[in-house]
Amino acid sequence: MSAKQKLAEMNARAAALYKADGKTMSAFRGLMLAANREGKVSPAMKEMIAIAVAIGRGCEDCIIFHTAEAKAHGASRDEFVEVLAIAIEMSGGPGTVYAAKALAAYDEL
């Protein structure tokens, strides 16, 4: 399935959830709008930050959604690749730190 198809399916699921619980989804939409308000950080960079978090969280739908938004806001491929490198660094690094802590706890017990 293509990313466009996955995005369409994700949007359909979100619309169904909005219909089922408009109050919660309206509040969430408000949060999205507040977080993405105009400021010092560009809209494209905000979307790429969201992508980095989504990578760390392992949320494929979030990755697809925010990639589409980053592209719509003019994020270049080179910028995107640089952000991906940071996401790789950060989602790999914390895993090694916490794995080492878990091993130390196991050895102490």
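Thresholds applied
- All residue numbers here refer to positions counted from 1 along the written sequence of the relevant chain.
- Local features are withheld for residues below a pLDDT of 70 in this predicted model, meaning they are given only at 70 or higher, and side-chain atom pairs are given and counted only at 80 or more; totals for whole chains, interfaces and linings count all residues.
- Only hydrogens and water are removed before side-chain values are computed, so all heavy atoms of the structure are retained for them.
- Counting from the N terminus, the helices are the DSSP runs of H or I reaching at least four residues and the strands are the DSSP runs of E reaching at least two.
- In what follows, a contact means two residues having at least one pair of non-hydrogen atoms within 4.5 Å.
- Computed by Shrake-Rupley with a 1.4 Å probe, the accessible areas treat only the displayed protein chains as cover when residues are assessed.
- Charged residues are defined narrowly, with Lys and Arg counted positive, Asp and Glu counted negative, and His plus the chain ends left uncounted.
- Taken as the charge centre is NZ of Lys, CZ of Arg, CG of Asp or CD of Glu, depending on the residue.
- For the purposes of this section, nonpolar cores are sets of buried Ala, Val, Leu, Ile, Met, Phe, Trp, Tyr and Cys residues that join through side-chain atoms within 4.5 Å.
- Exposed residues in this analysis have more than 50% of their type's maximum accessible area, buried residues have under 20%, and partly exposed residues fall in between, with area computed by a 1.4 Å probe over protein chains only.
- We define a salt bridge as a side-chain nitrogen of Lys or Arg found within 4 Å of a carboxyl oxygen belonging to Asp or Glu.
- Axis lines are fitted to C-alpha atoms, over the contacting stretch for helices. Their N-to-C directions set the angle, which ranges from 0 to 180 degrees.
- We call two directions roughly parallel when the angle between them is under 35 degrees, roughly antiparallel when it is over 145, roughly perpendicular when it lies between 65 and 115, and oblique otherwise.
- With the far helix as reference, a near helix turned anticlockwise by less than a right angle produces a left-handed crossing, and one turned clockwise produces a right-handed crossing.
- Note on residue classes: Ala, Val, Leu, Ile, Met, Phe, Trp, Tyr, Cys and Pro are nonpolar, Asp, Glu, Lys and Arg are charged, and everything else, Gly too, is polar.

The next subject is the overall build of the chain. The helix and strand inventory of the chain stands at five helices and zero strands. For the chain, the C-alpha atoms occupy an extent of roughly 50 × 35 × 35 Å along the three principal directions. A separation threshold of at least 6 residues defines the contact pool for the chain, and within that pool the share at least 24 residues apart is 55%. When the accessible surface of the chain is split by element, carbon and sulfur atoms take 63% of a total near 8200 Å². The averaged location of the 13 negative side-chain charges in the chain is 8 Å from the averaged location of its 13 positive side-chain charges.

Let's shift gears to the side chain of Glu47. Residue placement: Glu47 occurs in helix 3 (residues 43-57). With residues up to four places along the chain from it excluded, the contact list for Glu47 reads Asn36, His66, Glu69, Ala70 and His73.

Among the nonpolar cores identified, the biggest contains seven residues, and these are Ala44, Met48, Ile51, Ala70, Ala75, Phe80 and Val83. If you list the elements that add at least two residues to this core, you get helix 3 and helix 5 (77-108). Here this core gets three residues from one element, more than from any other, and that element is helix 3. Residues within four places of Met48 in sequence aside, it is in contact with Ala70, Ala75, Glu79, Phe80 and Val83.

What follows deals with the pattern of salt bridges. Considering all chains together, one arrives at two salt bridges under this definition. Across the salt bridge formed by Glu60 and Lys6, the nearest N and O atoms sit 2.6 Å from each other. Here Glu60, found in helix 4 (residues 60-72), pairs with Lys6, found in helix 1 (residues 3-20); they are 54 residues apart in sequence, far enough to count as distant. Lys6 gets classed as partly exposed once you look at its relative accessible area, which sits at 28%.

The next subject is the packing of helix 3 against helix 4. Where helix 3 contacts helix 4, the two axes come as close as 8 Å, and the packing angle between them is 165°. Between helix 3 and helix 4, the angle is such that the two are roughly antiparallel. Crossing of helix 3 against helix 4: the hand is left-handed. Each of Ala44, Glu47, Met48, Ala50, Ile51, Ala54 and Ile55 in helix 3 lies in contact with helix 4, whose residues at this interface are Cys62, Ile63, His66, Thr67, Glu69 and Ala70. Split into classes, the residues belonging to the contact of helix 3 with helix 4 amount to nine nonpolar, two polar and two charged.

The next point concerns the side chain of Lys46. Within the element layout of this structure, Lys46 appears in helix 3. Put simply, Lys46 is tucked away with no salt bridge, and the nearest opposite charge, on Glu38, sits 8.8 Å away. Among residues more than four places away in sequence, those in contact with Lys46 are Ala35, Asn36, Arg37, Glu38, Gly39 and Val41.

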